[in-house]
Amino acid sequence: MLGKSLIAVVVLLLAVGVFVWSTHNKLVVLRNRIANALAQVEVQLQRRLDLVPNLVETVKGYAKHESQTLESVVEARQRMVAAQQSGDTRAQLEADSGLTAALRSLFALSERYPDLKASTNFQQLQSQLAETEDKISYMRQSFNDTVMAYNNRLQVFPSNVVAALFKFEPHDSYVADSGAQSAPGVDF
């Protein structure tokens, strides 16, 4: 009888060990997917940052006396670059909202300059920026979906026990600031 009890205990311990191992690995995979999803958002944000100087230069040629709008775009871009270099996700998201607002103002400015609006270079930049904004939106959604799956796993029994045991921390989702719910107006 002692032999059967020992076997039962060993089997139970093995089952618990496999569960802990499997759950830990799933949490690690989800945490890594969050990092990957955030990296994909950052790639698209960088693409947008790379488009901004060309856009500013194009607008400068047509709207020489609109320096305040152009300066606000350049400053917003600089804040975004600094936030990316800091590695602070929350600062990046806030800087992203600021850049979105500045770009919205820049595109509104083009309404006053029909020649700018008709410029092939400006139209190409608009198109690239619109495409990039769509990708950013998709990547943010993917990031948030991954964060939700991870956070759910941290909160649902019995995986929450393993998460607490190995000190997994919840992750924040991307939440747009008020006034940043839409992409810059690029439809003319």
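Residues numbered from 1 in each chain as written. Predicted model: local features only at pLDDT ≥ 70, side-chain atom pairs only at ≥ 80, totals over all residues. Heavy atoms only, no water.

Things to note about helix α3 (residues 89-109)
For an α-helix, the turn length of 3.6 residues means that residues three or four places apart are oriented alike. Over its 21 residues, α3 extends 30 Å from the first C-alpha to the last, a length consistent with the 30 Å expected when each residue adds 1.5 Å. Listing the buried residues of α3 in full gives Gln92, Leu93, Ala95, Asp96, Ser97, Leu99, Thr100, Ala102, Leu103, Leu106, Phe107 and Leu109. Where α3 is buried, its residues touch α1 (2-62), α2 (67-86) and α5 (120-155). The N-terminus of α3 is capped by Asp88, whose side-chain oxygen sits 3.1 Å from the backbone nitrogen of Arg90. (Helix = DSSP H or I, 4+ residues; strand = E, 2+ residues; numbered from the N terminus. Expected span 1.5 Å × (residues − 1). Buried < 20%, exposed > 50% of the residue type's maximum accessible area, 1.4 Å probe, protein only. Contact = heavy atoms within 4.5 Å. Polar contact = N/O pair within 3.5 Å; in protein donor to acceptor, adjacent residues only side chain to side chain.)

Let's talk about unusual backbone geometry
Omega for the bond connecting Phe157 with Pro158 falls within 30 degrees of zero, at 5°, which places this linkage in the cis form. Positionally, Pro158 belongs in the loop between α5 and α6 (159-165). Of note, Lys167 is a non-glycine position whose phi angle comes to about 60°, a positive value. With respect to the helices, strands and loops of the structure, Lys167 is situated in the segment after α6.

Here we look at the pattern of salt bridges
When charged atoms on two side chains of opposite charge get close, those side chains can pair. Counted under the stated rule, the structure contains six salt bridges. Arg140 is the partner of Asp96 in a salt bridge, and the nearest nitrogen-oxygen pair spans 1.9 Å. Within this pair, whereas Asp96 is found in helix α3, its partner Arg140 is found in helix α5, the two being separated by 44 residues in sequence. By relative accessible area, Asp96 is classed as buried at 1%. Each of the salt bridges in this network shares a partner with another, and the network as a whole consists of Arg48, Asp96, Glu133 and Arg140. (Salt bridge = Lys/Arg side-chain N within 4 Å of Asp/Glu carboxyl O.)

Some words on the nonpolar core
Core analysis: the biggest nonpolar cluster contains 41 residues, and Leu55, Val59, Val73, Leu99, Leu103, Leu106 and Phe143 have the highest contact counts within it. For this core, the leading source of residues is α1, giving 13 residues. Ignoring sequence-local partners within four residues, the contact set of Val73 consists of Val52, Val56, Leu99, Ala102, Leu103 and Leu106. (Core = buried A, V, L, I, M, F, W, Y, C linked by side-chain atoms within 4.5 Å.)

Considerations on the side chain of Arg48
Counting through the fold element by element, Arg48 comes out in helix α1. With residues near it in sequence (within four places) discarded, Arg48 still touches Asp96, Leu99, Thr100, Leu103, Leu129, Thr132, Glu133 and Ile136.

What to know about the side chain of Thr23
Relative to the elements of secondary structure, Thr23 occurs in helix α1. Residue Thr23 is classed as buried on the basis of its relative accessible area, which comes to 4%. Among all residues touching Thr23, those that are not within four sequence positions of it are Ser159 and Val162.

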